[in-house]
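# A structural walkthrough
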Amino acid sequence: MNNFYNKIKSDKRSAWVAFALLGIMLAAAPYLAAATGGPSWVRIIDFALLYIMLALGLNIVVGFAGLLDLGYIAFYAVGAYLYALLASPHFNIHLPFWALLPIGAAVAGLFGVLLGAPTLRLRGDYLAIVTLGFGEIIRIFLNNLNAPVNITNGPQGVNGIDPISLGSMSLAKANSLAGIAVPSLHQYYYLFLALTLLIIFTTLRLQDSRIGRAWVAIREDEVAAKSMGINTRNVKLLAFAMGASFGGVAGGLFAGFQGFVSPESFGLMESVMVLCMVVLGGMGHIPGVILGGILLATLPELLRYIIVPIQQYFFGKVIVDPESVRMLIFGLALIVVMLYRPAGLWPSPTRKRELVEEA
Amino acid sequence: MSSLLEARGITKCFGGLEALSDVSLTINQGEIYGLIGPNGAGKTTFFNVLTGLYKLNGKQDRGEVLFDGKAISKSEPHQVAKLGIARTFQNIRLFGNMSVLQNVMVGRHVRTHAGVIGAVLRGSRTRTEEKAIHEKSFQLLDYIELSNQSERFAKHLAYGDQRRLEIARALATEPKLLALDEPAAGMNATETVALKKLMEKIRADGITILLIEHDVKLVMGLCDRVAVLDYGKKIAEGFPQAVQKNPAVIEAYLGGAIA
């Protein structure tokens, strides 16, 4: 693996070849998935991309700045409901997608600051508890804001959300591009992929910058960071806002993709799931976080397809409900990974060095 | 000689305990000023008041600190750093999981400007700034003779190297006053000699130094003036040789004469 890296680093041509291959793979992915597993797998990949965006956003807060956030899904909810309310028959407002995306990012970022401001003096466990509460507050608000004035439509959720459309091209129906028919799910895939790449690019740039170093410095020692002239208040709020805005973007895409949002989608388990992606993949290491997102988003679905046939093969009937087996295996896998790869599946090279040198 | 820092009548209380009572002292431009005293005398408290980690906002707190003519006793630590006081810590506080070079680069934060948009777009201004940060940080590592270890984790350095790295990180903020909290603690004799040379070099570069130290030999050989704290009070101030003979100081360190 290391050899491979060095080769890419030293040789421009093999770098281009590697990039081209990766590009072709990413472009062909939905067709491959559809051919092997049917359209439901394209849907799963679409969701995996949303989760990668979420994991990358949370990674800024947890991985870089070291602020444990257990209510991250609230920003996803804010983005999703904002889209739902501004592009649906519910209020009869229909804003275009290009306007909704930045609004979602900005408003979610604002909520990030709202959460960050009162928690500036908290760290670790205490911060985790407050953020957990914040996540629940948002969900409960969404659940109950149907009276006295109906804003969120309560537990029923918002229906009939406008599908995402780019200009006059609606992603809800198949379009053909240069003679090739591109189904709706595939179009969503390409849109999500583009935004995921944009988010990856943004995080990579941020990591290797004055701001990124300030985040890590705060994670390592807040008092020292302060004394070295870092305005820890602003820099922490910035981390919350950046992380939240990624969540808001993912939320907006989710609403447009699903056409329906309800408070149920934004429970504590979702926050925990995204946190697992970050921790399992390798906190603070962007490729690791992406890997974590892909694995945790697709693995449970994969198990869903395997468990029923296996039981039928061995026992002739389904003995245990697939849902519970799925979570059981999933939990076991998490424990095993944490025992044998405590720094995550793909930790940053420096973090690995740290474990080796300490051993 | 003009004064760089002036502390006037500083009183800092924690509950009923007066950690500092009515401490006044003046540090002049370009000198090495020593602050000594037995354990618990209030030296580090004084440092924390100076650098904004403690604020004089309690009911019984009094006094003010003037740095370069500005009152700083109500300022936040990052504002104090921006004005030009940089410090090290008694119990080393490096960014352990960052590389040696990155530790120093963080010190450049306060003198640089790139924000989120600059970082993401990475225009020519940001690139020039990043390059300058890199170069300056490497220079500082050269200055403390640590550039051969720039890629190691700060926490894996030898103890004496960690102390020097803290100094380099503080110097990266371009301070007018460098406040060192027991930099020689835990160092062996050779390391202490190297540290002394380093401090003389820093002073020669025009940076004023405030030094808390237990190593009396080091303080006496290095400092231009010395103040002695005992139970939160300043009991002596002056040239090292005079302070050394001051009966109050001897009593504070060795206890009173047996009656």
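Residues numbered from 1 in each chain as written. Chains lettered and ligands numbered in written order. Predicted model: local features only at pLDDT ≥ 70, side-chain atom pairs only at ≥ 80, totals over all residues.

Another point: the overall build of chain A. Looking only at helices and strands, chain A has 14 helices and 6 strands in total. Radius of gyration (C-alpha) of chain A: 21 Å, near the 21 Å computed for a compact globule of 359 residues. Its C-alpha atoms give chain A principal-axis dimensions of roughly 55 × 55 × 50 Å. Relative to its 359 residues, chain A shows a buried fraction of 44%. (Helix = DSSP H or I, 4+ residues; strand = E, 2+ residues; numbered from the N terminus. Rg over C-alpha atoms; globule rule 2.2 N^0.38 Å. Buried ≥ 20, exposed ≤ 12 C-beta atoms within 10 Å, placed from the backbone.)

Turning our attention to the interface of chain A and chain B. Across the contact, 24 residues belong to chain A and 30 residues belong to chain B. At the level of secondary structure, the elements contributing two or more residues to the side of chain A that touches chain B comprise α7 (184-207), α8 (210-220), α9 (222-227), α10 (232-258) and α14 (349-358) of chain A. Ranked by residue count, the leading element in the side of chain A that touches chain B is α8(A), at 7 residues. Residues belonging to the side of chain A that touches chain B are distributed by class as follows: 11 nonpolar, 5 polar and 8 charged. (Contact = placed C-beta atoms within 7 Å. Nonpolar A, V, L, I, M, F, W, Y, C, P; charged D, E, K, R; others polar.)

With that out of the way, let us pick up helix α4 (residues 73-86) of chain A. For an α-helix the count is 3.6 residues per turn, leaving residues at separations of three or four pointing the same way. For α4(A), spanning 14 residues, the distance from its first C-alpha to its last is 20 Å, which sits close to the expected 20 Å at 1.5 Å a residue. Among the 14 residues that make up α4(A), 13 are buried, leaving the element largely enclosed by the rest of the structure. (Expected span 1.5 Å × (residues − 1).)

A few words now on the sheet that holds strand β1 (residues 3-14) of chain B. All names here are of chain B. Spatially, 4 strands are ordered β2-β1-β4-β5 in an open sheet, and the strand pairing comes out antiparallel. Each end of this open sheet is capped by a strand with a single partner; those strands are β2 (17-28) and β5 (70-71). Bridge count between β1 and strand β4 (residues 62-67): 5 bridges; the pairing is antiparallel. Paired with Ala-7 across the strands is Val-65, a residue of β4. Helix α1 (residues 43-50) rests against β1, β2 and β4 of the sheet, and its axis sits at about 65° to β2. (Pairing = 2+ DSSP bridges. Axes fitted to C-alpha atoms, helices over the stretch in contact; angles between N-to-C directions.)

Each pair of packed helices gets described by two things: the angle between the helix axes and the distance between those axes. Residue and element names in this part refer to chain B. Between helix α3 (residues 100-107) and helix α5 (residues 124-143), whose axes approach to 9 Å, the crossing angle comes to 115°. The crossing of α3 and α5 is right-handed. In this structure, α3 contributes Val-100, Leu-101, Val-104 and Met-105 to the contact, and α5 contributes Ile-133, Ser-137, Leu-140 and Leu-141. Its residues placed into classes, the contact of α3 with α5 shows 7 nonpolar, 1 polar and no charged. (Left-handed = near helix turned anticlockwise from the far one by under 90°.)

Here we take up α7(A). A rise of 1.5 Å per residue sets the reference length of α7(A), with its 24 residues, at 34 Å; its end C-alpha atoms lie 34 Å apart and thus fit the reference within 8%. All buried positions along α7(A) are accounted for by A:Leu185, A:His186, A:Gln187, A:Tyr188, A:Tyr189, A:Phe192, A:Thr196, A:Ile199, A:Thr203, A:Leu206 and A:Gln207.

Residue and element names in this part refer to chain B. Topologically, Ala-86 is positioned in strand β6 (residues 85-87). On the neighbour-count criterion, Ala-86 (27 C-beta atoms within 10 Å) is buried. Ala-86 sits 47 residues away from Ile-133 along the chain, and the two C-alpha atoms are 17 Å apart. Sequence-distant contacts of Ala-86, that is, excluding residues within four places in its chain, are made with Ala-81, Ala-170, Leu-171, Thr-173, Pro-175 and Leu-178.

Another aspect to go through is unusual backbone geometry. Cis rather than trans, the peptide bond between A:Ala147 and A:Pro148 has omega equal to -5°. The backbone of B:Tyr231 shows a phi angle near 45°, a positive value even though the residue is not glycine. Structurally, the position occupied by B:Tyr231 is in the loop between β9 (225-230) and β10 (233-238).

All names here are of chain B. Of the pairings in the sheet, the one linking strand β3 (residues 32-36) to β9 comprises 4 bridges and is parallel in character. What sits directly across from Gly-34, in β9, is Val-226. Examined bridge by bridge, β9 and β10 share 5 bridges and lie antiparallel to one another. Of the residues in β10, the one forming a bridge with Asp-230 is Lys-233. Where β9 folds back onto β10 in an antiparallel hairpin, the turn is made up of 2 residues, including Tyr-231, whose phi is positive at roughly 45°.

Before going further, it helps to spend a moment on the sheet that holds β3(B). All names here are of chain B. Taken in spatial order, the 6 strands line up as β6-β7-β8-β3-β9-β10 in an open sheet, and their pairing is mixed. Where the open sheet ends on each side, the last strands, each with one partner, are β6 and β10. If you compare each strand with its neighbour and ignore which way they point, the axes differ by 20° on average. One ladder, built from 4 bridges, connects β3 with strand β8 (residues 208-212); its direction is parallel. When the bridges of β8 are listed, Gly-34 appears paired with Leu-211. Set on the sheet, α1 makes contact with β3, β6, β7 (177-181), β8 and β9; between it and β7 the angle comes to about 145°.

All names here are of chain A. Two elements in contact, helix α11 (residues 268-281) and helix α12 (residues 286-315), have axes whose closest approach is 7 Å; the angle formed by their N-to-C orientations is 130°. Judged by the inter-axis angle, α11 sits oblique to α12. Regarding α11 and α12, the two cross each other, and that crossing is right-handed. Between α11, through Met-273, Cys-276, Met-277, Val-278, Leu-280 and Gly-281, and α12, the contact on the second element is made entirely by Gly-288, Val-289, Ile-290, Leu-291, Gly-292, Gly-293 and Leu-296. For the contact of α11 with α12, the per-class residue count stands at 9 nonpolar, 4 polar and no charged. (Parallel < 35°, antiparallel > 145°, perpendicular 65-115°, else oblique.)

Once that is clear, we can look at the confidence of the model for chain B. On average, residues of chain B score 92 in pLDDT, and 98% of them reach the 70 mark or higher. Interface confidence for the predicted complex, given as ipTM, is 0.93, next to a pTM of 0.92. (pLDDT = per-residue confidence, 0-100.)

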